[in-house]
Amino acid sequence: NRDILMKNISKETDFPLSFEEWEQKAAEKMMPGGFGYASSGAGREETAKRNQEAFSKWAIVPRMLNDVSKVDMGISLFGRRYPSPFLLSPIGMQVLAHEEGELATAKAAASMGVPFLVSTVSTYSLEEIAAAIPTGSKWFQLYYSSVNPEVSFSMVERAEKAGYEAIIITVDTVMAGWRETDMRSQFSPLSQGYGKGNYIQDPVFMESLPSHDHDSIVTGILENIQHPSLTWKEIAEVKKRTSLPVLVKGILHPEDAEMALEYGVDGIIVSNHGGRQLDGVIASIDALPAIAERVKGKIPILLDSGVRRGIDAVKALALGANGVLIGRPFLYGLAVGGQQGVEKVLERFMQETEVTLALSGMADLSELSRLKVVRG
Ligand code: FNR
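## Some thoughts on unusual backbone geometry
Item 1. Positive phi is not limited to glycine here, since Leu65 has a value of about 60°.
Item 2. The topology assignment puts Leu65 in the loop between β1 (58-61) and β2 (75-77).
Item 3. Leu65 sits in the exposed class, given a relative accessible area of 87%.
Item 4. Backbone geometry places Met93, a non-glycine residue, at a positive phi of 50°.
Item 5. Within the fold, Met93 resides in the loop between β4 (86-88) and α5 (101-112).

## What about the environment of Lys57?
Item 1. Looking at the secondary structure, you find Lys57 in the loop between α4 (46-56) and β1.
Item 2. Remark: the alpha-carbon pair of Lys57 and Pro189, spanning 132 residues in sequence, is separated by 35 Å.

## What to know about the pattern of salt bridges
Item 1. Inspection of every chain in the model, using the stated rule, returns 15 salt bridges.
Item 2. Here Lys239 makes a salt bridge to Asp266, at a shortest N to O gap of 2.8 Å. Here Lys239, found in helix α12 (residues 232-241), pairs with Asp266, found in the loop between α13 (254-262) and β9 (267-270); they are 27 residues apart in sequence, far enough to count as distant.
Item 3. Take Asp266: its relative accessible area is 22%, and that puts it in the partly exposed class.

## What about the site of the ligand?
Item 1. Inspection of the region around the ligand gives 23 residues, with Pro90, Ser119, Thr170, Asp304 and Arg308 positioned closest.
Item 2. Within the backbone of Gly92, an N or O atom sits 3.2 Å from a nitrogen atom of the ligand.
Item 3. Within the complex, the protein chains bury 99% of what would otherwise be the 600 Å² of accessible surface of the ligand.
Item 4. Contributions of two or more residues to the shell around the ligand are made by α3 (32-39) and α16 (328-360).
Item 5. A class-by-class count of the residues in the shell around the ligand yields seven nonpolar, 11 polar and five charged.

## Points about the packing of aromatic side chains
Item 1. Inspection of every chain in the model, using the stated rule, returns 10 aromatic pairs.
Item 2. Where Tyr144 meets Phe153, the ring centres are 6.3 Å apart and the plane angle is 70°; that geometry is what we call edge-to-face.
Item 3. On the numbers, 5.0 Å between centres and 65° between planes, the contact of Tyr199 with Phe205 is edge-to-face. As far as the burial class goes, Tyr199 and Phe205 line up, both buried.
Item 4. Through a chain of ring-to-ring contacts, the aromatic side chains of Phe19, Phe35 and Tyr332 assemble into a single cluster.
Item 5. Looking at Arg241, its charged tip hangs above the ring of Phe153, at a distance of 3.8 Å from the centre.

## Some thoughts on the environment of Gln277
Item 1. Residue placement: Gln277 occurs in the loop between β9 and α14 (284-295).
Item 2. Classification of Gln277 as buried rests on a relative accessible area of 8%.
Item 3. Considering only alpha carbons, one finds Gln277 and Tyr124, 153 residues apart in sequence, at a separation of 24 Å.
Item 4. With residues near it in sequence (within four places) discarded, Gln277 still touches Ala42, Asp172, Thr173, Met175, Ala176, Gly177, Trp178, Arg179 and Asn272.
Item 5. At a separation of 3.0 Å, a polar atom in the side chain of Gln277 contacts the main-chain carbonyl oxygen of Asp172.
Item 6. One polar contact links the side chain of Gln277 to the main-chain carbonyl oxygen of Met175, over a distance of 2.8 Å.

Basis of the calculations
- Residues numbered from 1 in each chain as written.
- Predicted model: local features only at pLDDT ≥ 70, side-chain atom pairs only at ≥ 80, totals over all residues.
- Heavy atoms only, no water.
- Helix = DSSP H or I, 4+ residues; strand = E, 2+ residues; numbered from the N terminus.
- Buried < 20%, exposed > 50% of the residue type's maximum accessible area, 1.4 Å probe, protein only.
- Salt bridge = Lys/Arg side-chain N within 4 Å of Asp/Glu carboxyl O.
- Near = heavy atom within 4 Å.
- Polar contact = N/O pair within 3.5 Å; in protein donor to acceptor, adjacent residues only side chain to side chain.
- Areas by Shrake-Rupley, 256 points an atom, 1.4 Å probe, with all protein chains shown as cover.
- Nonpolar A, V, L, I, M, F, W, Y, C, P; charged D, E, K, R; others polar.
- Phe/Tyr/Trp six-rings, centres within 6.5 Å; stacked < 30°, edge-to-face > 60°.
- Lys NZ or Arg CZ within 6 Å of the ring centre and 35° of its normal.
- Contact = heavy atoms within 4.5 Å.

See the structure below:
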């Protein structure tokens, strides 16, 4: 730990430290419409704010006099060991933050041993990203298409062929949230044609279009990305069509977690989409304990929305998560410094997590269920 602190003091002041500093720097780098799209929440932005405030309402009750000279913060998920509990949330259209977009983020994730979750609406195609990190862990996030499920099955098949290790179906986006910042700035990345990487590479999607001009492609994507009729039946169908683990992202209710178990889903991501979908919903850290109680360790639980520091991750892990995803923090790292920026953000998270674990008296994440976290 002394090493960590010395390192930061001596030569690490060229990159921001706190989330707020990264965000401010990213705001200077990004186009206003793109930054507004990334940073804002839905509606009154209650949930976007609550996500972060909620972490402060949980308090760690640390243990003393445990040997913490070696802290192991590694986790295992779906048969693979990772050196830290962090994953990168699927974020679409990362070219809005940096011209190298997902390619830079993927390389950063791979170099830090972190799984990279590729969005359906990534700028670069899932194959291009896979080629950039042949051995790095990558998972594919699916926006299920209700207009043409065959497009979804085709994408899942492509992901499996390209070496992706899991499929994540996002279930809190039956339609886009009510986002006033984007309405005001008249910013709609999809309708401008961003995020078409996976679609234009998809033979089933391209064949379904009346023509291949810009407008037909964009209209096709906008139709395919919506899935208001999605139910557990379709989740079961995706599971049948792949041998990869299937996770659902966007679960907040313990009964939905129980449904996930019933339908044989392999993992749950407790998330409110960073407050970008339904405003006024519970913070994901507050939704976690009841979900963990129902799931009882049968399948892994991951969490995102509002994780801004190592200590937030430790609270989530102590309350029952098996891993933690970060969204906007890495996107801002990408905007500020490309691949190196994402690596720095991850490094900060890992270092603070290590310090937090040691100061809590925890040498190993497997002991974390014994760490007392109370409403404080
Ligand atoms: C997202 N998110 C998201 N989720 C998803 O399943 N597919 C996607 O394509 C996107 N795209 C996306 C774009 C942008 C700009 C943001 C900020 C978020 C949601 C994302 O995966 C994650 O749930 C939240 O970002 C987590 O919250 P924090 O860490 O940003 O607070």
